Amino acid sequence: MTHTDLTGVLVALPTPFTADGSEIDAAALDAHVDRLIREGAHGLVPGGSTGEFTTMTLDERKQLTELVVKAAGGRVPVVAGTGALSTRDAVDLAGHAAGTGAAALMVVPPFYDAVDLSTFKELLREIYAASHLPIMFYNIPSASGLSLSPAEIASLAEVEGVRYLKDTSGDAVGLTELLQLHADRITAFNGWDTLTFYGIAAGAKGSVWGATNVIPELSRQLWDALAVDGDLVRGRELWAKIYPICRFLEQHHYASAVKTGMQLRGYATGPVRKPFALLDGEPRAEFARLLRAAGVEVVD
């Protein structure tokens, strides 16, 4: 695949688990992937924050990539989340993802001991050497401890294979600089839910978006209004429905909130792995109210 292939709504996938949380629920995952593709998602991103990758073993992370690539069946590209705490594990996951048919990799920096820029570039070189897949840098400074300026982010493209950015910084000015000044070096995707409208309207090539798991129809409609039709008025109408949902997701543990929203819509997810838990009581009821206010059918 060429670097022009990734665009549009790329869904940050959750990882459905069996009832006791011990295994990946392959049937639920398959059904969800089908649903998202039917509703017009342009790509799938398993193994990121929404996918609870920090609670999974290396073997489970490999299994997840295999299952999603198989479920997608070539209909949309799969960008496999392969970031890890060590070069050994990151290279292992990257090589595996390439072998399974992933279209690209999403790489979060090691997130306990923060690396510096030159160390991270060397890690990216080793990942690319093992995979020869396009790399999306997952910029999430609040979790990784690595805060890079827009120019430093663009400089990652000096490493062969680094072509994309998922910007989960929440910094709209930084995203604007990347889109305006550095688009020739790195292709920026918005990755911060409450900035989705702005990111797409400002010219981002797409959004890696977890809320799409809960509101796939509205997500695709927003993309079409802003990026395809250039209809700002329609985009604002849709965003007025979507924004409260995005804001809610960001106010809670993200993976827990996404799975709760999916369950409110009747989609099987299983539990969130401990120490986290699904939302209950008033937060769950509030989420149901927000979905109904957006015109979304809620089953319980």
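The structure displayed is predicted, hence computed values, not measured ones.

A. Helix H10 (residues 232–250), seen in detail. The sharpest bend along H10 comes to roughly 35 degrees, located at Ala240, with the proline Pro244 sitting one to four residues further on. Of the positions making up H10, those classed as buried are Gly235, Leu238, Trp239, Ile242, Ile245, Cys246, Phe248 and Leu249. Turning to H10, the residues buried within the fold contact helix H8 (196–201), strand S8 (206–209), helix H9 (216–228), helix H11 (254–264) and helix H12 (281–293).

B. Seen up close, the side chain of Asn213. The residue Asn213 is located in the loop between S8 and H9 in this model. Here Asn213 falls in the buried class, since its relative accessible area comes to 0%. A distance of 2.8 Å separates the side chain of Asn213 from the backbone oxygen of Ala12, its partner in a polar contact. Discounting residues that sit within four places of it in the chain, Asn213 has contacts with Val11, Ala12, Leu13, Pro14, His32, Leu36, Thr50, Val258, Met262 and Tyr267.

C. Summary view of the packing of helix H2 (residues 58–72) against helix H3 (residues 87–100). It is at 10 Å that the axes of H2 and H3 come closest, and there the two elements cross at 25 degrees. If you check the angle between H2 and H3, you find them roughly parallel. As for the relative orientation of H2 and H3, their crossing is right-handed in sense. Contacts from Leu58, Arg61, Lys62, Thr65, Glu66 and Val69 in H2 reach Asp89, Asp92, Leu93, His96, Ala97 and Thr100 in H3. Considered class by class, the residues forming the contact of H2 with H3 number 4 nonpolar, 3 polar and 5 charged.

D. How the structure looks around the environment of Pro244. Topologically, Pro244 is positioned in helix H10. For Pro244, a relative accessible area of 30% translates into the label partly exposed. Measuring from C-alpha to C-alpha, the distance between Pro244 and Leu291 comes to 8.9 Å, with 47 residues separating the pair along the chain. When sequence neighbours within four positions are dropped, the list of residues in contact with Pro244 reads Trp239 and Leu290.

E. Here's a closer look at the nonpolar core. Of all hydrophobic cores here, the largest spans 49 residues; its most connected members are Leu44, Trp209, Ile215, Leu222, Ile242, Phe287 and Leu291. Mapped onto this core, the elements with two or more residues apiece are strand S1 (8–12), helix H1 (26–38), H2, H8, H9, H10, H11 and H12. Look past the residues within four positions of Ile242 in its chain and what remains in contact with it is Trp209, Ile215, Leu218 and Leu222. Judged by nonpolar contacts, the second largest core, of 31 residues, contains Leu124, Leu133, Leu178 and Ala188.

F. Focus on the pairing of strand S6 (residues 162–167). Extensive coverage of S6 is indicated by the burial of 5 of its 6 residues. Examined bridge by bridge, strand S5 (residues 135–139) and S6 share 5 bridges and lie parallel to one another. Each residue of the ladder has a partner; that of Met136, found in S6, is Tyr164. Bridge count between S6 and strand S7 (residues 187–190): 4 bridges; the pairing is parallel. Within the sheet, the bridge partner assigned to Lys166 lies in S7 and is Phe189. As a crossover connection, the stretch from S6 through helix H7 (residues 172–181) into S7 is right-handed.

G. Examining the pattern of salt bridges more closely. The full count for this structure, using the stated rule, is 12 salt bridges. In this structure, the salt-bridge partner of Lys259 is Glu52, at a minimum N-O distance of 2.8 Å. Residue Lys259 is found in helix H11, and its partner Glu52 is found in the loop between strand S2 (43–45) and H2; the two are separated by 207 residues along the sequence. Glu52 carries the same exposure label as Lys259, and that label is buried. When the shortest N-O distance is used, the salt bridge between Arg220 and Asp224 registers 3.0 Å. Placement of the pair is Arg220 and Asp224 together in helix H9, with a separation of 4 residues, close to one helical turn. Overall, the relative accessible area of 24% leaves Asp224 in the partly exposed class. Members of the salt-bridge network, linked through shared partners, are Lys121, Glu158 and Arg185.

H. Inspection of the environment of Thr82 at higher detail. Inspection of the secondary structure assignment puts Thr82 in the loop between strand S3 (79–81) and H3. What makes Thr82 buried here is its relative accessible area of 2%. Taking the C-alpha atoms as reference points, Thr82 and Leu58, separated by 24 residues in sequence, lie 9.6 Å from one another. Apart from residues lying up to four places away in sequence, Thr82 is in contact with Arg61, Ala90, Leu93, Ala94, Ala97, Leu105, Met106 and Val107.

About the cut-offs
- Residues numbered from 1 in each chain as written.
- Predicted model: local features only at pLDDT ≥ 70, side-chain atom pairs only at ≥ 80, totals over all residues.
- Heavy atoms only, no water.
- Bend = angle between axes of the 7 residues up to and from the residue.
- Helix = DSSP H or I, 4+ residues; strand = E, 2+ residues; numbered from the N terminus.
- Buried < 20%, exposed > 50% of the residue type's maximum accessible area, 1.4 Å probe, protein only.
- Contact = heavy atoms within 4.5 Å.
- Polar contact = N/O pair within 3.5 Å; in protein donor to acceptor, adjacent residues only side chain to side chain.
- Axes fitted to C-alpha atoms, helices over the stretch in contact; angles between N-to-C directions.
- Parallel < 35°, antiparallel > 145°, perpendicular 65-115°, else oblique.
- Left-handed = near helix turned anticlockwise from the far one by under 90°.
- Nonpolar A, V, L, I, M, F, W, Y, C, P; charged D, E, K, R; others polar.
- Core = buried A, V, L, I, M, F, W, Y, C linked by side-chain atoms within 4.5 Å.
- Pairing = 2+ DSSP bridges.
- Right-handed = clockwise from strand over helix to strand, strands pointing away.
- Salt bridge = Lys/Arg side-chain N within 4 Å of Asp/Glu carboxyl O.

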